[in-house]
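The lines below spell out each chain.
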Amino acid sequence: MLLLDEQPRAGGQIYRNVGVDGESRPYLGADYAAGRPLVDALDTPGITAKFGATVWRVEAGPRVVWSRDGASRIQAARHVLLAAGAQERPTPFPGWTLPGVMPAGAAQILMKTSGLLPRDAILAGSGPLIYLIAAQMIDAGAAPRALVETQTPATMLRAARHLPGALRTAGTLARGLGLIRKIGAAGVARHTGASAFRATAQEDGDIVFSFTAKGRTHRLVTPLLLTHQGVVPSTHIGRAAGIGHEWNDAQQAFRPKTDAWGGTDVPGIHVAGDGAGIGGAEAARAAGRLAALDILHRLGRLDEEARDREAAADRAAFDRAMAIRRFLDAAYAPPPEILAPEGDTIVCRCEEIDADGIRGAVKEGAYGPRQLKTATRAGMGPCQGRMCDPTVRGILASCGTTPATPRARSPVKPVKLGELAALASIRETST
Ligand SMILES: Cc1cc2nc3c(=O)[nH]c(=O)nc-3n(C[C@H](O)[C@H](O)[C@H](O)COP(=O)(O)OP(=O)(O)OC[C@H]3O[C@@H](n4cnc5c(N)ncnc54)[C@H](O)[C@@H]3O)c2cc1C
């Protein structure tokens, strides 16, 4: 089996670097350290793991095209399991692209990879991850100055009806409440029901962050504004491979259409983990095992009965982990002003297209992501829409259209022309 991961080391998002730095960064917590056995298990005969290996195309066959050290290869496979994880949802508001404003998850990545601590930061947005990151900052001795949260009593009330289901994962709920208690005990100010985010830069480079909460306008000054509005599945590779996708209204994101095993409508490709729909680490682990069992079955290595027997515990673990999702999705739903910004708020960072530009093109008849791309170039920069697709979709929906799934094309990650040209002379390898 060949595992390709573009990161330099095993661990994915949550267990990033745990194999090397797990013990030296205790503030990342027990849930982080729990990834160590998973990473160690890669050292098993039959598994070849290649890191720094970026997959930029998956095509019929299936075949996987990937790049490492400046050279691309084509790998034929009997089956492909896509597990590209999640990415942070973009958080567009006036000033979100200024230096000194960055995604909270990016700051956490710096904590995990280089022990760099975000000092005197303000965390702004919503979602369970914001509490985890705040708690990790507190334990690291770099407590945030404040948490500015967008969820309102109304969203919490809407979420409350999903509480009975969420109680199946009482442990996860208790962990979340523990994080909120820790934030309170550390004396970190919390503003909830916040809206109308705006960031401007002072002459000394600090950020002036203004927002409205409980009828008052607040202005806070910080060297670092960390934003977060939850995560969405990374679907670029799957969409470029032709897998059918659907809109998930509860999660406000596209997800691949899969069966109960992660099987897709493209022969030979399964999808598992957050890339198939946000469920968190425990759901991702169970979904990965379920997909693996089904792949073994399809390859004739496991009969149906054995597959179903082996899968029982993982199916139960998956259902348990997902039981809290409806509550979380409703409680921490991103607000409309973030999903569909207005005015001169930048939407496409690569091409510097603002919300007015997108709305103007919609008025002139660009009714879908493809037409908008042609009309404005939104999504045509180096990130290929990874940053702006969700916002373009949000604006289209706010203009009364039902946006189609945006197309993705390979290479889904930037590759040098020389690499593409050299591909022709590279022979396929097979797993
Ligand atoms: C920035 C961020 C921080 C997060 N931090 C936490 C946290 O601290 N705790 C928590 O509980 N949850 C966290 N989450 C949520 C968490 O990532 C997921 O619930 C969990 O990691 C899902 O596991 P997964 O295996 O599906 O994806 P991941 O763990 O993200 O693994 C996906 C892997 O695919 C690789 N990959 C993606 N695209 C390519 C490509 N084109 N070529 C090659 N490799 C590729 C990535 O390098 C990554 O290693 C975070 C999410 C984000 C976006």
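Residues numbered from 1 in each chain as written. Predicted model: local features only at pLDDT ≥ 70, side-chain atom pairs only at ≥ 80, totals over all residues.

(A) Just the overall build of the protein chain, in detail. Counting secondary structure elements, the protein chain contains 17 helices and 22 strands. Rg of the C-alpha trace for the protein chain: 22 Å, near the compact-globule value of 22 Å for 431 residues, within the 12% margin. Principal-axis analysis of the C-alpha atoms places the extent of the protein chain at approximately 65 × 50 × 40 Å. Contacts in the protein chain between residues at least 24 apart in sequence constitute 66% of all its contacts with a sequence separation of at least 6. (Helix = DSSP H or I, 4+ residues; strand = E, 2+ residues; numbered from the N terminus. Rg over C-alpha atoms; globule rule 2.2 N^0.38 Å. Contact = placed C-beta atoms within 7 Å.)

(B) Representation of the packing of helix α14 (residues 355-363) against helix α16 (residues 389-398) in the model. It is the contact of α14 with α16, at a shortest axis distance of 10 Å, that shows an interaxial angle of 50°. Judged by the inter-axis angle, α14 sits oblique to α16. In this structure, α14 meets α16 at a crossing whose hand is right-handed. Across from Ala355, Ile358, Arg359 and Val362 in α14, the residues of α16 making contact are Val392, Ile395 and Leu396. (Axes fitted to C-alpha atoms, helices over the stretch in contact; angles between N-to-C directions. Parallel < 35°, antiparallel > 145°, perpendicular 65-115°, else oblique. Left-handed = near helix turned anticlockwise from the far one by under 90°.)

(C) Structural detail: the nonpolar core. Leu123, Ala134, Val347 and Ile358 are the most contacted members of the largest nonpolar core, which totals 49 residues. With eight residues, the top contributor of residues to this core is helix α5 (residues 128-139). Among all residues touching Val347, those that are not within four sequence positions of it are Pro92, Pro341, Ile353, Asp354, Ala355, Ile358, Ala378, Cys388, Thr391 and Val392. Within the second largest apolar cluster, 33 residues are counted, among which are Val55, Val58, Ala286 and Ile295. (Core = buried A, V, L, I, M, F, W, Y, C linked by C-beta atoms within 7 Å. Buried ≥ 20, exposed ≤ 12 C-beta atoms within 10 Å, placed from the backbone.)

(D) Spatial organisation of the sheet that holds strand β11 (residues 189-191). Spatially, β8-β15-β9-β10-β11 is the arrangement adopted by the five strands of the open sheet, whose pairing is parallel. Across the chains shown, the open sheet's two edge strands, defined by having one partner strand only, are β8 (101-103) and β11. Taken over all neighbouring pairs, the strand axes of this sheet differ in orientation by 20° on average, direction set aside. (Pairing = 2+ DSSP bridges.)

(E) Up close: the site of the ligand. Residues in close proximity to the ligand total 30 residues, the closest being Gly12, Gln13, Gly85, Gly105 and Gly273. Elements supplying a minimum of two residues to the shell around the ligand: β1 (2-5), β3 (54-59), β7 (86-88), α4 (104-114), α5 and α10 (281-298). Class assignment of the residues belonging to the shell around the ligand gives a composition of 13 nonpolar, 12 polar and five charged. Here the shell around the ligand gathers at least three residues from each of two domains, domain 1 (2-86 + 232-245 + 253-301) and domain 2 (90-229). (Near = placed C-beta within 6 Å. Nonpolar A, V, L, I, M, F, W, Y, C, P; charged D, E, K, R; others polar. Domains from an automatic or database assignment.)

(F) Expanded view of the packing of α4 against α5. Between α4 and α5, the least distance of the axes is 10 Å, while the angle of their chain directions is 40°. Seen along the crossing, α4 lies across α5 with a hand that is left-handed. For the pair α4 and α5, the contacting residues are Ala104, Gly105, Gln108 and Met111 in the first and Leu129, Ile130, Ile133 and Gln136 in the second. Considering only residue class, the contact of α4 with α5 consists of five nonpolar, three polar and no charged.

(G) Representation of the pairing of strand β12 (residues 195-201). Pairing between β12 and strand β13 (residues 207-213): five bridges, direction antiparallel. Counterpart to Thr200 in the pairing with β13 is Val208. The hairpin turn running from β12 into β13, its antiparallel successor, is five residues long, and Gly205 in that turn takes a positive phi close to 95°.

(H) The domain arrangement of the protein chain, seen in detail. Under the domain assignment, the protein chain is made up of domain 1 (2-86 + 232-245 + 253-301), domain 2 (90-229) and domain 3 (337-398). Using C-alpha coordinates to define each centre, domain 1 is positioned 28 Å away from domain 2. Here the side of domain 1 that touches domain 2 is composed, by residue class, of two nonpolar, two polar and two charged.

(I) Geometry of unusual backbone geometry. Along the chain, Gly61 connects to Pro62 via a cis peptide bond; the corresponding omega equals -5°. Its location among the elements puts Pro62 in the loop between β3 and β4 (63-68). Geometrically, the link from Ser410 to Pro411 is a cis peptide bond, its omega value of 0° lying close to zero. One can find Pro411 in the loop between α16 and α17 (417-423). In this structure, Gln384 takes a positive phi of about 55° despite not being glycine. By the element assignment, Gln384 lies in the loop between α15 (369-376) and α16. Owing to 21 C-beta atoms within 10 Å, Gln384 belongs among the buried residues under this scheme.

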